[in-house]
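A look at the structure
Here's the letter readout for the chains.
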Amino acid sequence: MARAERREQPKKLQPPMTPMIDIVFLLIIFFLLIPNQQAGEGYLTTNLPDTSGPVAGKQQKDVQRIKIELELPDNDNRGVNIVLNDTQVFGSNFGGLLAALQGLKARGLPADHPVLISPWMGTRHKWVVRAFDMAVVARFKNIHFGVPYD
Amino acid sequence: MAQAKRRGTGAVSMNMTPLIDIVFQLLIFFVLTAQFQQLEIEQVVLPMSIAAEPKDPFQYRNVIINVVKPDNPEVIVMGKPVAYLVIDGDNELSSLLKARKATILETGEKLNVILRADEMVPYEVVASVMLAAGRAEIQGWWITTDIEEPEDLLD
């Protein structure tokens, strides 16, 4: 009789939780400890020119494009001197470059109007990126870099 | 009849072994892929940008090219320095990029080059990397930057 009573009592279903909790804690610790190197990083994206065709690497002088030249100032190989369309000189004033680009845009140039950033070989990377930045902020989308051709 | 009663009151236990197996497999996978990603990335001082957009570089088929040591630049891919100087024909970098592109030709996916260059690296080195990418007929070009607020950048 006593045996029959024991059988009728509902038994609790308890899967072994210990290993599951162990694994979950391991995963939590793992993801907490991974150094997230991409935090705060972003990307400026563009396309390099197609170098596979018959005119690859040749200068295209017939295209009316905006040219941003980044020169090295005298006696300062870490600085920059900005020249827009061979005429306007801004020194290292990127705000002035942005205003000039926005002025060109306001005159009705389309967003896909080509913009060529042409740095001197010794120009520091950060100036090239900043010039790219200014062109993007001025809402130009067709931005290219000048590279030496062989 | 007695047999039927025993079936109804028996304890039901979950089989934890395959669950734990799978969790361990996942753990090992994440550990290995995390280490693989670390191999591709070098510590550099990135330039600032207000127009850059955050993206997951590992979401696409990309080649990460690090340019370190501004005073004596080195180009590093997958943790190894590669020759990048412009010479006639292919250099080590363009050969590497061509090989990488060949591996995904069949899939039809687009391959991008992600440049992680120190902010003080001269443009000469970046241009050499561009030429190598051009020789490998890779057109997608991503420049890695630190994202900064507009008011900070134009100060």
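Residues numbered from 1 in each chain as written. Chains lettered and ligands numbered in written order. Predicted model: local features only at pLDDT ≥ 70, side-chain atom pairs only at ≥ 80, totals over all residues. Heavy atoms only, no water.

**Focus: the overall build of chain A**
What chain A contains, in helices and strands, is four helices and six strands. Of the regular secondary structure in chain A, the N- to C-terminal order runs α-α-β-β-β-β-α-β-α-β. Carbon together with sulfur atoms contributes 54% to the accessible area of chain A, which is approximately 9,300 Å² in total. (Helix = DSSP H or I, 4+ residues; strand = E, 2+ residues; numbered from the N terminus. Areas by Shrake-Rupley, 256 points an atom, 1.4 Å probe, with all protein chains shown as cover.)

**Looking at the pattern of salt bridges**
For the coordinates displayed, the defined rule picks out five salt bridges over all chains. For E69(A), the salt bridge identified is with K67(A), shortest N-O distance 4.0 Å. Here E69(A) falls in the buried class, since its relative accessible area comes to 15%. In this structure, K69(B) engages E74(B) in a salt bridge whose closest nitrogen and oxygen atoms are separated by 3.2 Å. Within this structure, K67(A), E69(A) and D86(A) form a network of salt bridges that share partners. (Salt bridge = Lys/Arg side-chain N within 4 Å of Asp/Glu carboxyl O. Buried < 20%, exposed > 50% of the residue type's maximum accessible area, 1.4 Å probe, protein only.)

**Considering a nonpolar patch on the surface**
A contiguous nonpolar patch, built from M17(A), I21(A), V24(A), F25(A), I28(A), I29(A) and L32(A) and spanning about 660 Å² of accessible area, is present on the exposed surface. Considering the arrangement of structural elements, one finds L32(A) in helix α2 (residues 17-33). (Patch = residues over 30% accessible without salt bridge, like charges linked within 9 Å, V, L, I, M, F, W, Y side chains within 5 Å.)

**Details of the nonpolar core**
Counting residues in hydrophobic clusters, the biggest one holds 58 residues, and the most contacted among them are I68(A), L101(A), L93(B), L97(B) and W141(B). The contact partners of W141(B), leaving out residues within four places of it in the chain, are L44(A), T45(A), T46(A), L48(A), F145(A), V113(B), L115(B), V126(B), V129(B) and M130(B). Counting residues in hydrophobic clusters, the runner-up holds five residues, among them Y43(A), I41(B), I64(B) and W142(B). (Core = buried A, V, L, I, M, F, W, Y, C linked by side-chain atoms within 4.5 Å. Contact = heavy atoms within 4.5 Å.)

**Let's talk about the side chain of N91(B)**
Residues and elements named next belong to chain B. Position of N91 among the secondary structure elements: in the loop between β4 (80-82) and α3 (92-104). Within the local environment of N91, its side chain forms a polar contact with the backbone oxygen of L85, the two atoms lying 3.0 Å apart. At a separation of 3.2 Å, a polar atom in the side chain of N91 contacts the main-chain amide nitrogen of L93. Excluding residues that lie within four positions of it along the chain, N91 makes contacts with A83, Y84, L85, A132 and R135. (Polar contact = N/O pair within 3.5 Å; in protein donor to acceptor, adjacent residues only side chain to side chain.)

**Quick notes on the pairing of strand β3 (residues 81-84) of chain A**
All names here are of chain A. Neither face of β3 is open: one carries N81 and V83, the other I82 and L84, and all of them are buried. With four bridges connecting them, strand β2 (residues 66-71) and β3 associate as antiparallel partners. Paired with E71 across the bridge in β3 is N81. In this structure, β3 lies alongside strand β4 (residues 88-91), joined through three bridges in antiparallel fashion. Bridge assignment links V83 to a residue of β4, and that residue is V89. Between β3 and β4, which pair antiparallel one after the other, the connecting turn spans three residues, and N85 there sits at a positive phi close to 50 degrees. (Pairing = 2+ DSSP bridges.)

**Looking at the interface of chain B and chain A**
The partner chain A presents 51 residues to the 62 residues of chain B that form the contact. Surface buried jointly by chain B and chain A totals about 5,000 Å² across both partners, of which 65% is contributed by carbon and sulfur atoms. Residues R116(B) and E41(A) are paired through a salt bridge, measuring 2.9 Å at the closest nitrogen-oxygen approach. Taken together, chain B and chain A are joined by 17 residue pairs in polar contact (both at pLDDT 80 or more). Residue assignment for the side of chain B that touches chain A shows that the elements contributing at least two residues are α2 (16-40), β1 (48-49), β5 (112-117), α4 (123-135) and β6 (140-147) of chain B. In terms of residues, the side of chain B that touches chain A owes the most to one element, α2(B), which gives 10 residues. (Buried area = accessible area lost by both parts, 1.4 Å probe.)

**Let's talk about the packing of α3(B) against α4(B)**
Residues and elements named next belong to chain B. Contact pair α3 / α4: the axes reach a minimum separation of 8 Å and the direction vectors enclose 40 degrees. Regarding the angle of α3 to α4, the classification is oblique. The interaxial crossing formed by α3 with α4 has right-handed handedness. Here α3 contributes L93, S94, L97 and K98 to the contact with α4, which in turn contributes V129, A132, A133 and R135. For the contact of α3 with α4, the class distribution of residues is five nonpolar, one polar and two charged. (Axes fitted to C-alpha atoms, helices over the stretch in contact; angles between N-to-C directions. Parallel < 35°, antiparallel > 145°, perpendicular 65-115°, else oblique. Left-handed = near helix turned anticlockwise from the far one by under 90°. Nonpolar A, V, L, I, M, F, W, Y, C, P; charged D, E, K, R; others polar.)

**A few points about helix α3 (residues 94-106) of chain A**
Residue and element names in this part refer to chain A. Given a rise of 1.5 Å per residue, 13 residues ought to cover 18 Å, and the 18 Å separating the end C-alpha atoms of α3 matches this to within 8%. Considered for burial, the residues of α3 that qualify are F94, G96, L97, L98, A100, L101 and L104. Elements that come into contact with the buried residues of α3 comprise β2, β3, β4 and α4 (125-137). Of the residues flanking the start of α3, the one acting as N-cap is N93, its side-chain oxygen 3.1 Å from the backbone nitrogen of G95. (Expected span 1.5 Å × (residues − 1).)

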